[in-house]
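Chain by chain, the residues run as shown.
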There are 4 protein chains.
Amino acid sequence: MSRIPVAILGATGAVGQRFLQLLAEHPLFEVVEVAASDRSAGKAYREACVWRLPGAPPAGVAGLTVSTTEAPFRSRLLFSGLDSSVAGEVEAALAAKGHAVVSNSRNHRMDPDVPLLIPEVNADHLDALGAQRRRTGGGYIVTNPNCSVVGLAMALAPLHRAFGVEAAAVVTLQALSGAGYPGVASLDVVDNVIPFIGGGEEEKIESEPRKILGHFEDGGFVAAAMTISASVHRVAVSDGHTMAILVRLAKPASPGDAAAALASFRGEPQERRLPSAPERPIHVLDAADRPQPRLDRDRENGMAVSVGRIRPDGLFHLRLEALVHNTIRGAAGAAILNAELLQARGLLP
Amino acid sequence: MSRIPVAILGATGAVGQRFLQLLAEHPLFEVVEVAASDRSAGKAYREACVWRLPGAPPAGVAGLTVSTTEAPFRSRLLFSGLDSSVAGEVEAALAAKGHAVVSNSRNHRMDPDVPLLIPEVNADHLDALGAQRRRTGGGYIVTNPNCSVVGLAMALAPLHRAFGVEAAAVVTLQALSGAGYPGVASLDVVDNVIPFIGGGEEEKIESEPRKILGHFEDGGFVAAAMTISASVHRVAVSDGHTMAILVRLAKPASPGDAAAALASFRGEPQERRLPSAPERPIHVLDAADRPQPRLDRDRENGMAVSVGRIRPDGLFHLRLEALVHNTIRGAAGAAILNAELLQARGLLP
Amino acid sequence: MSRIPVAILGATGAVGQRFLQLLAEHPLFEVVEVAASDRSAGKAYREACVWRLPGAPPAGVAGLTVSTTEAPFRSRLLFSGLDSSVAGEVEAALAAKGHAVVSNSRNHRMDPDVPLLIPEVNADHLDALGAQRRRTGGGYIVTNPNCSVVGLAMALAPLHRAFGVEAAAVVTLQALSGAGYPGVASLDVVDNVIPFIGGGEEEKIESEPRKILGHFEDGGFVAAAMTISASVHRVAVSDGHTMAILVRLAKPASPGDAAAALASFRGEPQERRLPSAPERPIHVLDAADRPQPRLDRDRENGMAVSVGRIRPDGLFHLRLEALVHNTIRGAAGAAILNAELLQARGLLP
Amino acid sequence: MSRIPVAILGATGAVGQRFLQLLAEHPLFEVVEVAASDRSAGKAYREACVWRLPGAPPAGVAGLTVSTTEAPFRSRLLFSGLDSSVAGEVEAALAAKGHAVVSNSRNHRMDPDVPLLIPEVNADHLDALGAQRRRTGGGYIVTNPNCSVVGLAMALAPLHRAFGVEAAAVVTLQALSGAGYPGVASLDVVDNVIPFIGGGEEEKIESEPRKILGHFEDGGFVAAAMTISASVHRVAVSDGHTMAILVRLAKPASPGDAAAALASFRGEPQERRLPSAPERPIHVLDAADRPQPRLDRDRENGMAVSVGRIRPDGLFHLRLEALVHNTIRGAAGAAILNAELLQARGLLP
């Protein structure tokens, strides 16, 4: 059976490279087009791109000629890793042309008819696509959350379902790859920590989970009634965002109850056995000193979130540590799983 | 004028080495005795010690012969950087012999007549020495807090005085030197974070500040009525503990009011112009991405705590980032400042 | 077809863990026994071992009970990752009992009838097994080289065959995992380099390649007539030894000729298609800034050596950079490939 | 006595910041002017500059208004930390206007009448200034070497004087600050090594020492007759270049003889007691694992070069490890020492 042709927008960037790596042997999707900025357009991908992942670009992609994002795409499904400085307009234009744009960019995440999707958590948000497609004339945009938010929302979702999350304070220790390439200067992280990330990182972490954990009803998104406080840090880790999370619950739960809710969490990707779906979306780790980025970020090919140190808290009800592979489950892998769900539901154009 | 002779207990360890470094040219104190474990005893210091600080051991100390901690000490003032596995008994025995033991070890910190002292914050706790000396027969123990707690308590103290701190949640990113030497294995921190520190680190951070910010009255310590939640992490930083702190106040304050209270904070060390006292105990930094360990840990020779990113919080009232040099202000330098205050008050035996 | 049962000696150590990881789904060998020090003996492997590799111990091994190395082993084939403090006697005793001991330890590497084997380079050294088995009564020891030496000898072998290597100077930048766990203290490598590695590292690098690149004839090993100078450094890298190598040749060669000789290098593992054999033992990289540990150590599952920056030298004839995954191709993977060759040649007892 | 007014060119860059830091309390020189690119011109220094060194910009400089490099300077002495893309023309123009330009830039280092100066090594090269001043009409340029070359040439100079250096092979492990700011991307150095540095780094290391260790006679520089081979690497170290050096001597020397020659090395800066001169230009370290960047780079305020591991070599005569603080002794501190020598000799205009 032939695979579905797809295009990667922003293919030479950090997220674009992850898209290509993860799709190299994908059972459903085949990368046949790569697009990037004007500077890269017209070159063979292998020349246009400084490949920053281990090894070399996938053989099938290295020889593709890079196009601009204005090019007509024969692929109906487009993955976008575009920089937010251009993603807003480009993605809207492509949706208006009838494409399904599955985007990692932040620009349209909070739009009133655009799903901010984590398939295990809020697959029902795809109901918004009807209204969106009426607006655009057929194409649409589906987004995945900010890389930290994926980890946070996945850790909160089972607790919210079971016990109701009223408030959460999260302090992050984020990996360098989250800033793209070249991103953070090496002198800033050797023997150092930076207690700040630009681009509204804290605001995104405080707002996106409320949309994700909310509902789509009566034609609109209703945000979850919870308050989130985020304090972010950049640390000398290549991949893997670590988060200390404090949670206040509507219905207090013991660490054991919380662990059970987290470990048993499953969603539509698991039911449908989507190709990129982890068997267990959340790995609950018992060891006192886990999760750790270098040891746990690659669980289930980087698609599982790890949670550990679930313990009572004197101020909130519970505290725990969560870890997400920020460029896989937190970015390119998230978008691919979104597209797999769209395909399984028959929503691809 | 001749300097006061002092001995360093645990002189070959990480904290012991900092004592020697900081006392190398001290105007009041002169290291004339060094003590360590039986394994080192009898050797010249330069042979007994693998010096882990930049450069070489101070010339005046390198030739001293290391004694055991059971040796009779001619110095009346003893600085202790002993490991907690032995500090408890050794320090008590030496106090019973009439020595002033100024200790960085945790063993006696919470004792009911032992001051847990930060001279800028709770110099009045020295009132406990009267009872303690009656108990011991003349000698005494004065302790400084856990390395993280020094930073936390100094950041909270001005806010507590001005606005009343009801609760604080702190998430730490702690330096490797806090674990001593060899301490943390390098494989555990390269491209990694460890969300755990043994030895009851979180418990110390949750309890010690309450004693420090409390009062000594009617012959006993009354802990401050505040709740603290601590979540600790080890990161690949040599020196300098970074902390994200959320604070709930009895009397809500704006970030500007908090910054003013922090920046203007002064105490007895500043009034008395103690040799190791920073001019400004707390440096309030305006830049959006500060404090950072590599850039800010050495402010005022490592004796100032840096605070930045003071901003409102959706869950608590305020949040901020604090940084303390864990082996200077958070350990050896803290003890030396304690001894300077004892000397200035005429409390040295 | 059933797999060959094998035991891992030193199974809880750093090399032992790599053995278990690499053998988890091996087509020929199945780990059925694990042995370690007396301290671990009697415990289930999952309890005896602090697993330091990503994820968790292989399911099939986690429940095995750890034995001592004195235990009788039902496996005829034993992989040894024993510490050199005990490997010498233990391995000799097990060979005397008839086992094939495929060892990563250094103790017997230079023995006059023990092959120091890199299957692509000196498979003919297995001719020494005849004499060795006569001596032991049937069992034998086969060793693989020091982790740096594997990379060096594999980079030199094609040049030696084609042009004759008269001398080589190598300066290494070695990974932390080479020192085992806990190994190097984190404070020693953060913002630092250590220009020294104990245990005779430089001597091993200067002597082992001469045996490897020599011949076995008339019942003995004849070392290659070349001089090697080694200067070693430890750097803050988890896995992957980088080496700058200067080479003097008997028959001068251009960088292009050298690159061709390296890239086309193949040996018996490739001919026999051994399960762990890389398709191309040496990857010659064109980019000016490669090889790099993080990007290139995992080529061909860590079994390929990467070489780059081949260029003329003003003092020697050529210089180049080589990279080897020190715990895979340089240790456990090397031993496994050795065992695969033994099996293919019908030399397993 | 009033200090000599000086200007810093390229004052906002990495080297410019070191100039300001080192000159903050200099006994001879006072920074009264700061110049940088057009982008910074017109702003107060504190606003124009993102200060990357610990603490804050010196108080006396923070309020200076940044000028362009075309501005007329009232200072006769100018320190240049300009980027090499502009330094060539700017420095020549300023020398033509009568200024003494003491430069860290590479552009004029190999000019036939420009001293490439290390005051301890080749103070006689200042004889070239006569010819240069006749050419320019009065002003002149004096340069210091590449940051690695300072360490290499200082380590070779005593050996060259005593025994004659015929050849040297050097392999460097260079710090991140050598690439300026932002310089190397953090993702390129976390858990990694880069075996390459652009901008002709290896060529500079192979050529500059020959000029430095040569003579000025009959109106021209005569390069030393030695061959140097350089292989460079970037490692995750903030400051401090480490070098493994192999040396072939005209007159073979034992490690002890070499150590004696290195340890006793002194020059004109020591005789004249120049303010920035280290008491001992070369610290010979006995410990088997030294020098190390974090522990040894700051010896004598970063102005001493450390040498260790002096040992015989099988290919060359000797090998050793050297360490230089690349932004102090290898850049800004080098230039300041050059200016101090010019002042002491009465050569300042």
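Cut-offs applied
The residue numbers shown here count from 1 along each chain, following its written sequence. Each chain takes a letter, starting from A, and each ligand takes a number, starting from 1, following the order in which they are written. Predicted model: local features are reported for residues with pLDDT of at least 70 only, side-chain atom pairs are reported and counted for 80 or more only, and whole-chain, interface and lining totals are derived from all residues. Just so you know, side-chain values use all the structure's heavy atoms and leave hydrogens and water out. A run of H or I in DSSP becomes a helix once it reaches four residues, and a run of E becomes a strand once it reaches two; helices and strands are each numbered from the N terminus. Both definitions apply: the radius of gyration is a C-alpha atom measure, and the globule rule equals 2.2 Å times residues to the power 0.38. Note on exposure labels: buried denotes an accessible area under 20% of the residue type's maximum, exposed denotes more than 50%, and partly exposed covers the range between, all computed with a 1.4 Å probe on protein chains only. Only heavy atoms matter for contacts: two residues are in contact if any of them lie within 4.5 Å across the pair. Only the protein chains shown count as cover for residues, with accessible areas throughout obtained via the Shrake-Rupley method and a probe of 1.4 Å. Two residue types count as positive, namely Lys and Arg, and two as negative, namely Asp and Glu; His and chain ends fall outside the count. By convention, charge coordinates are those of NZ in Lys, CZ in Arg, CG in Asp, or CD in Glu. Whenever Lys or Arg places a side-chain nitrogen within 4 Å of a carboxyl oxygen from Asp or Glu, that contact is recorded as a salt bridge. Nonpolar residues are Ala, Val, Leu, Ile, Met, Phe, Trp, Tyr, Cys and Pro. Charged residues are Asp, Glu, Lys and Arg, and all others, Gly as well, are polar. Structural elements are reduced to axes, namely lines fitted to C-alpha atoms, with helices fitted over the stretch in contact, and the angle between N-to-C directions of any two is expressed from 0 to 180 degrees. Orientation is classified from the angle alone, with under 35 degrees giving roughly parallel, over 145 giving roughly antiparallel, 65 to 115 giving roughly perpendicular, and any other angle giving oblique. Crossing chirality is assigned from the near helix's rotation relative to the far helix, an anticlockwise turn below a right angle marking it left-handed and a clockwise turn marking it right-handed. When the copies are superposed, the least-squares fit draws on C-alpha atoms of residues that have pLDDT of at least 70 in both. Two parts placed together each lose some accessible area under a 1.4 Å probe, and the buried area is that loss summed for both. Each polar contact in these results corresponds to two N or O atoms within 3.5 Å; when the atoms are within protein, one needs to be able to donate a hydrogen and the other to accept it, and residues that are neighboring in sequence are counted only if both atoms are side-chain atoms. We call two strands paired when DSSP finds no fewer than two bridges between them.

Caption draft 1: Here's a closer look at the overall build of chain A. Tallying secondary structure elements over chain A gives twelve helices and 14 strands in all. Taking 20 Å as the expected radius of gyration for a compact globule of 349 residues, we find that chain A reaches 19 Å, a close match to that expectation. Taken along its principal axes, the extent of the C-alpha atoms in chain A is 60 × 50 × 35 Å. Among the 349 residues that make up chain A, the fraction classed as buried is 65%. In chain A, the share of contacts with a sequence separation of at least 24, taken over all contacts with a separation of at least 6, comes to 74%. As presented, chain A carries roughly 11,500 Å² of accessible surface, and 49% of it is formed by carbon and sulfur atoms. Seen as two clouds, the 34 positive and the 37 negative side-chain charges of chain A have centres 3 Å apart.

Caption draft 2: Structural context of the interface of chain D and chain C. Contacts between chain D and chain C engage 46 residues on the former and 47 residues on the latter. One can count eight salt bridges joining chain D with chain C. Across the pair arginine 297 of chain D and aspartate 191 of chain C runs a salt bridge whose closest N-O atoms are separated by 3.0 Å. Looking at the side of chain D that touches chain C element by element, the count peaks at five residues for strand β7 (residues 165-173) of chain D. Looking at side-chain class alone, the side of chain D that touches chain C contains 23 nonpolar, nine polar and 14 charged residues.

Caption draft 3: View of the packing of helix α1 (residues 14-23) of chain A against helix α12 (residues 328-344) of chain A. Residues and elements named next belong to chain A. It is the contact of α1 with α12, at a shortest axis distance of 9 Å, that shows an interaxial angle of 55°. In this view, α1 runs oblique relative to α12, as classed from their interaxial angle. Of the two possible hands of crossing, α1 and α12 adopt the one that is right-handed. Across the interface between the two elements, Val15, Arg18, Phe19, Leu22 and Leu23 from α1 touch Ile328, Ala331, Ala332, Gly333, Ala335 and Ile336 from α12.

Caption draft 4: How the structure looks around the relation of the copies chain D and chain C. Aligned on chain C, chain D shows an RMSD of 0.0 Å; the corresponding rotation is 180° and the shift along the axis is 0.0 Å. The symmetry that links the two subunits is that of a two-fold axis. With an isologous cut-off of 70% or more, the 100% of interface residues of chain D that recur at the interface of chain C puts this contact in the isologous class.

Caption draft 5: Broad picture of the interface of chain D and chain A. At the junction of the two partners, chain D supplies 16 residues and chain A supplies 16 residues. For the pair chain D and chain A, the summed buried surface comes to about 1,300 Å²; carbon and sulfur atoms form 65% of the total. A salt bridge links aspartate 188 of chain A to arginine 52 of chain D; its shortest N-O distance comes to 2.2 Å. Put simply, chain D and chain A have six residue pairs in polar contact (both at pLDDT 80 or more) between them. Considered class by class, the residues forming the side of chain D that touches chain A number ten nonpolar, four polar and two charged.

Caption draft 6: Region of the structure containing the sheet that holds strand β5 (residues 100-103) of chain B. Residues and elements named next belong to chain B. Spatially, β3-β2-β1-β4-β5-β6 is the arrangement adopted by the six strands of the open sheet, whose pairing is parallel. Only two strands of the sheet have a single neighbouring strand rather than two, namely β3 (66-67) and β6 (140-143). Docked against the sheet, helix α1 (residues 14-23) engages β1 (4-9), β2 (29-35) and β4 (77-80), running at close to 160° with respect to β1.

Caption draft 7: A look at the pattern of salt bridges. Residues and elements named next belong to chain C. Per the counting criterion, the structure on display carries 64 salt bridges over all chains. Two residues, glutamate 201 and lysine 204, come together in a salt bridge whose shortest N-O distance is 3.9 Å. Taken together, the residues glutamate 201 and lysine 204, both in helix α8 (residues 201-212) and three residues apart, mark about one turn of the helix. One exposure class covers both glutamate 201 and lysine 204, and it is buried.

Caption draft 8: Structural context of the environment of histidine 325 of chain B. All names here are of chain B. Here histidine 325 shows up in the loop between β14 (318-324) and α12 (328-344). When its relative accessible area of 2% is taken as the criterion, histidine 325 is described as buried. Beyond its immediate chain neighbours, meaning those up to four positions away, histidine 325 contacts Arg18, Asp239, Gly240, Arg297, Asp298, Gly302 and Gly330.

Caption draft 9: Representation of the sheet that holds strand β5 (residues 100-103) of chain C. Residues and elements named next belong to chain C. One open sheet accounts for six strands, arranged β3-β2-β1-β4-β5-β6; its pairing is parallel. Lying at the two open borders of the sheet, with one neighbouring strand each, are β3 (66-67) and β6 (140-143). Looking at chain direction, strand β4 (residues 77-80) and β5 are connected through four bridges and run parallel. Of the residues in β5, the one forming a bridge with leucine 77 is alanine 100.

Caption draft 10: Quick peek at the environment of arginine 273 of chain C. Looking at where arginine 273 of chain C falls in the secondary structure, it is placed in the loop between α10 (268-271) and β12 (282-285). Spatially, the C-alpha atoms of arginine 273 of chain C and leucine 341 of chain C are 9.9 Å apart, while their sequence positions differ by 68 residues.

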